[in-house]
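# Survey of secondary and tertiary structure
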Amino acid sequence: MDFLNFVALAVILTYPCIQATQQSSKHSQVVHRITQSNSGVLDGIPTLQHGALSTKPWGSHSNAQIGNFPPNHRRIKAKINKYVKRSKGSVTGTEGVVQDEATSVFDPDKPFDNMKDLLSFSHLVTTMTQQMSTCELVVAYDDGYSDPEVFEGALSLSNVKQVVHVKTTEDFKKLVWLSPGCRWYVMLLHNLEVLISFLDIDRDAWDYDGRYVVAALSMSQLNRMIRTDKGRKTQHFIGIVKSRQEYEWRLYTNQLYWGKGMRPLTTWRERSFTSSPVFFPDKLSDLRGATLRTVTFQWEPSIMYQRAGTGEITLRYGVDISVTRLLGQAMNFSVRFDEPADGELWGRQNEDRSWTGLMGALDRDEADMGVANLFLSYRRIGVVDFSLPYDFEESCFLARTEPPLPRWQALSFPFHWATWIAIFVGLLVSGPLLYVLILAGHGASSWLDTYGLHLRETQVHPPRRGSTQVLVSFFWLYTMILTIAYCTNLIAFLLVNKLPASVQTIRELGYSNLDVVGVGEIFKKLLVEASDPNVKVLADNYKTVGSKEEALRQVLMGRAVFLENQGFVEFVAQTKFIKGGVSRTRVMQECFAPHYIAMGLQRRTPLKQKVDEVISWLQQSGLIRHSFETSLRMAASNERNKAADEDEGEVEEDVLTALNLDHLQGIFFILLVGFLLAAFSFFGERISFPRYASQE
């Protein structure tokens with residue numbers, strides 16, 4: 001008996017040493033195996049090799065090693081169990097206590113209650129990483145999870161790419177956040193506050209398309225995590241929280257736009273899940289009726305408003321509104337339209353690099369989307385994300401339609417100035433020639449005969465000589481054709497106003513005294529960056545105005561041309577400022593700077609991929625073009641109804657137009673000129689030839 005007691009005592013005294021030796025040996029084997037299988041890709045391995053992993057006695061034993069001792073050594077087994085056993089009392093008064101029994105009940109300074117919890121958690125991590133065997137694996141851990149048993153199985157997989165030991169937020173910058181394929185992030189952090197702090201800084205240091213598994217002490221930590229700047233824009237989050245049951249872990253997933261906070265996904269019990277969930281479902285194809293805020297403002301024809309008598313908006317329509325609503329139908333979300341809070345339309349960049357208007361709302365994450373004929377530009381791409389373009393337009397100039405020329409000038413309109421010169425020369429040449437031929441034939445003639453031929457009047461004294469008759473015959477033919485052409489063309493010019501010559505090309509605009517006005521600085525940037533020197537010179541005359549109403553006012557005053565997208569200027573020219581069927585504005589012939597129109601989104605938003613997919617469907621189906629044409633028809637109908645209300649009570653004119661004094665004012669002007677010339681001639685004769693006047 002003394003011998004047996006001695007042996008038992010020796011075993012009890014030497015077992016801790018043997019256990020520590022086994023721990024150290026297994027620790028080295030795990031690190032060696034990880035290093036060999038992932039040589040050159042594991043960041044943090046030197047830390048692992050130099051004792052960052054825990055060497056606590058319980059950390060290196062499997063469940064079998066603890067529970068299968070010989071029967072006659074039960075006292076030794078009990079002593080060892082007592083050595084590795086931890087307190088299972090409830091932790092009260094600490095942060096993270098939740099109502100759904102997913103609160104840790106162990107020491108908050110230690111992630112595991114006992115060895116079985118550690119092994120169960122290790123198997124959970126291994127099982128989940130096996131679900132994503134085709135993706136790259138990144139593991140971030142802190143001292144609480146530094147025991148090699150925790151991720152021994154996960155790190156033995158062939159898809160491991162990086163392992164990082166984390167102590168501060170700076171350590172997260174060691175992770176490679178970019179990958180050409182899918183990537184799986186396992187965050188084993190007993191101190192989750194470090195990760196929560198990191199999620200609110202440096203927007204670009206994060207893989208928003210990655211799939212994350214995060215161990216936490218409580219649901220409150222997980223909810224705080226997904227409310228951070230990066231957490232709100234990450235589609236795939238799975239949180240793991242220890243339940244109050246032994247060997248049991250609750251799994252939660254973020255809801256993104258489905259609702260607030262995390263929702264239960266499944267439960268891990270010892271070595272298996274209690275259900276077969278989809279760990280990372282598609283959360284964007286069906287947003288389940290979520291309300292997305294969209295910033296917009298009236299900008300015809302892309303966005304048009306119908307208002308009640310009180311000024312309240314009763315209907316929004318236009319191609320941009322149609323695209324937004326079609327997206328809502330395809331992705332099952334409702335839209336709340338809001339105006340920019342500061343009335344800055346698209347917005348501008350301040351000195352502190354912040355933005356106002358629509359761009360500012362997206363940059364500050366106050367809105368989910370923004371639509372208002374938004375151009376893609378390099379300057380804006382650095383602030384927001386753009387969807388796939390759904391429209392294409394050029395930048396065109398809206399100019400004033402010059403007032404028509406006075407009606408009295410209509411008598412000269414049928415012939416070009418060169419034609420009038422030729423007629424005048426013909427009159428000068430034919431008169432003397434006819435006079436000479438008639439004198440040679442001893443016939444009487446007058447200058448009035450030549451003038452009368454141009455007015456289709458017969459001669460009083462027809463020529464008698466053959467040569468003179470030939471000349472007069474062809475002269476009759478000449479004057480007949482000339483007068484018929486003039487009379488025929490004159491009728492059209494008497495009834496239709498003729499517009500003066502106006503600026504039509506960019507080159508002509510550069511030489512004119514007209515300013516170029518636009519809303520915002522984006523058009524000036526387009527002018528400055530243009531390769532055409534005729535376009536570039538317009539940047540010197542560019543002026544920014546606060547609203548399109550101010551720009552149109554300057555156009556109507558003839559001081560400037562309005563630079564905007566093609567759709568807008570064509571819409572204004574066809575539907576606005578029309579009187580008597582004639583528009584007071586026109587579109588210049590030449591345009592420049594083709595650009596794409598897209599929807600603005602929050603930077604790094606998870607919506608982009610699905611929004612691009614739906615917009616591609618809309619383009620292929622022709623719905624976007626259909627929406628544009630429908631909106632223009634509705635706008636034209638509204639304008640006609642408005643004009644009809646304004647003209648109510650006026651007598652409609654006949655279809656046939658009677659010639660009035662305005663049409664024929666040129667004739668009376670000629671008569672007045674004739675009276676004046678005759679009067680001057682009469683007084684000249686009386687003064688210059690008094691004797692002739694007395695004889696007469």
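None of these values were measured; they are calculated from a predicted model.

### Quick look at the overall build of the protein chain
Scanning the protein chain from N- to C-terminus turns up 23 helices and 22 strands. Within the protein chain, the proportion of its 696 residues that are buried is 45%. Relative to all contacts within the protein chain whose residues are 6 or more apart in sequence, the contacts with residues 24 or more apart total 71%. Of the roughly 37200 Å² of accessible surface on the protein chain, a fraction of 56% belongs to carbon and sulfur atoms.

### Observations concerning the pattern of salt bridges
Scanning the entire structure with this criterion turns up 25 salt bridges. Where salt bridges share partners, they join R203, D229, R232, K233 and D365 into one cluster.

### Here's the deal with the state of the cysteines
Considering all chains together, one arrives at two disulfides under this definition. The residue that forms a disulfide with C135 is C182, at a sulfur-sulfur distance of 1.8 Å. Given an S-S torsion of about -105°, the disulfide between C135 and C182 has left-handed geometry. Separated by 47 residues along the polypeptide, C135 in the loop between α5 (115-131) and β1 (136-141) and C182 in the loop between β2 (160-165) and β3 (183-188) bring together distant segments of the chain. Here C396 pairs with C591 through a disulfide, and the sulfurs are 2.0 Å apart. Taking the torsion about the S-S bond as the criterion, the C396 to C591 disulfide, at about 110°, is right-handed. Of this pair, C396 sits in strand β15 (residues 391-400) while C591 sits in the loop between β21 (585-587) and β22 (592-601); the two residues are 195 residues apart in sequence, bridging distant segments of the chain.

### Points about the sheet that holds strand β7 (residues 262-269)
Paired through backbone hydrogen bonds, the strands of a sheet run either parallel or antiparallel to each other. Read from one edge of the open sheet, eight strands run β2-β1-β3-β4-β5-β6-β7-β8, paired in mixed fashion. Of all strands in the sheet, those bounded by a partner on one side alone are β2 and β8 (272-273). The sheet contact formed by β1 and β3 spans six bridges and is parallel. Paired with Y141 across the strands is L188, a residue of β3.

### So, the packing of aromatic side chains
Summed over all chains, the structure comprises 21 aromatic pairs. A ring pair is formed by W177 and Y185, whose centres lie 5.3 Å apart and whose planes are at 25°; its orientation type is stacked. An identical accessibility class is assigned to W177 and Y185; each is buried. These aromatic residues form a ring-pair network of at least three members: F172, W177, Y185, F198, W206, Y212 and F237. Of note, K230 hangs over the ring of F198, and the distance from its end group to the ring centre comes to 3.8 Å. Here K242 stacks its cationic end above the ring of W249, 5.6 Å away from the centre of that ring.

### Section: the packing of α5 against helix α6 (residues 148-155)
When two helices pack together, their arrangement is captured by the angle between the axes and the distance separating the axes. Interaxial distance between α5 and α6 falls to 8 Å at its minimum, and their mutual angle equals 20°. By the angle between their axes, α5 is roughly parallel relative to α6. At the point where α5 passes α6, the crossing takes the right-handed sense. Across the interface between the two elements, L118, L119, F121, S122, V125, T126 and T129 of α5 pack against E149, V150, F151, G153 and A154 of α6. For the contact of α5 with α6, the per-class residue count stands at seven nonpolar, four polar and one charged.

### Description of the nonpolar core
Core analysis: the biggest nonpolar cluster contains 46 residues, and L287, L327, F397, L509 and M599 have the highest contact counts within it. Discounting chain neighbours no more than four positions away, the residues touching L327 are N332, F333, M599, V611, V614 and I615. With 39 residues, the next largest nonpolar core counts V295, I303, I321 and F386 among its residues.

### Overview of the environment of Q574
Looking at the secondary structure, you find Q574 in helix α19 (residues 566-575). For Q574 and A636, which are 62 residues apart along the polypeptide, the C-alpha to C-alpha distance reads 8.6 Å.

### Digging into the packing of helix α9 (residues 319-331) against helix α20 (residues 607-621)
At their nearest, the axes of α9 and α20 sit 10 Å apart, and the two run at 110° to each other. Comparing the axis directions of α9 and α20 gives the class roughly perpendicular. Contacts between α9 and α20 involve V323, L326, L327, A330 and M331 from the former and L607, K610, V611, V614, I615 and L618 from the latter.

### Concerning unusual backbone geometry
Residue P301 is bonded to the preceding E300 through a cis peptide linkage, with omega at 0°. Positive phi is not limited to glycine here, since N332 has a value of about 60°. Of note, N332 is situated in the loop between α9 and β12 (333-338). Here R353, not a glycine, exhibits a phi torsion of approximately 75°, which is positive. Positionally, R353 belongs in the loop between β12 and α10 (357-363). Judged by its relative accessible area of 64%, R353 falls in the exposed class.

### Side note on the environment of L326
By the secondary structure assignment, L326 is in helix α9. Residues L326 and L618, spaced 292 residues apart in sequence, show a C-alpha to C-alpha distance of 8.3 Å. Those residues in contact with L326 that sit more than four places away from it in its chain are L618, L623 and S627.

The rules behind the values
Residues numbered from 1 in each chain as written. Predicted model: local features only at pLDDT ≥ 70, side-chain atom pairs only at ≥ 80, totals over all residues. Heavy atoms only, no water. Helix = DSSP H or I, 4+ residues; strand = E, 2+ residues; numbered from the N terminus. Buried < 20%, exposed > 50% of the residue type's maximum accessible area, 1.4 Å probe, protein only. Contact = heavy atoms within 4.5 Å. Areas by Shrake-Rupley, 256 points an atom, 1.4 Å probe, with all protein chains shown as cover. Salt bridge = Lys/Arg side-chain N within 4 Å of Asp/Glu carboxyl O. Disulfide = S-S within 2.5 Å. Pairing = 2+ DSSP bridges. Phe/Tyr/Trp six-rings, centres within 6.5 Å; stacked < 30°, edge-to-face > 60°. Lys NZ or Arg CZ within 6 Å of the ring centre and 35° of its normal. Axes fitted to C-alpha atoms, helices over the stretch in contact; angles between N-to-C directions. Parallel < 35°, antiparallel > 145°, perpendicular 65-115°, else oblique. Left-handed = near helix turned anticlockwise from the far one by under 90°. Nonpolar A, V, L, I, M, F, W, Y, C, P; charged D, E, K, R; others polar. Core = buried A, V, L, I, M, F, W, Y, C linked by side-chain atoms within 4.5 Å.

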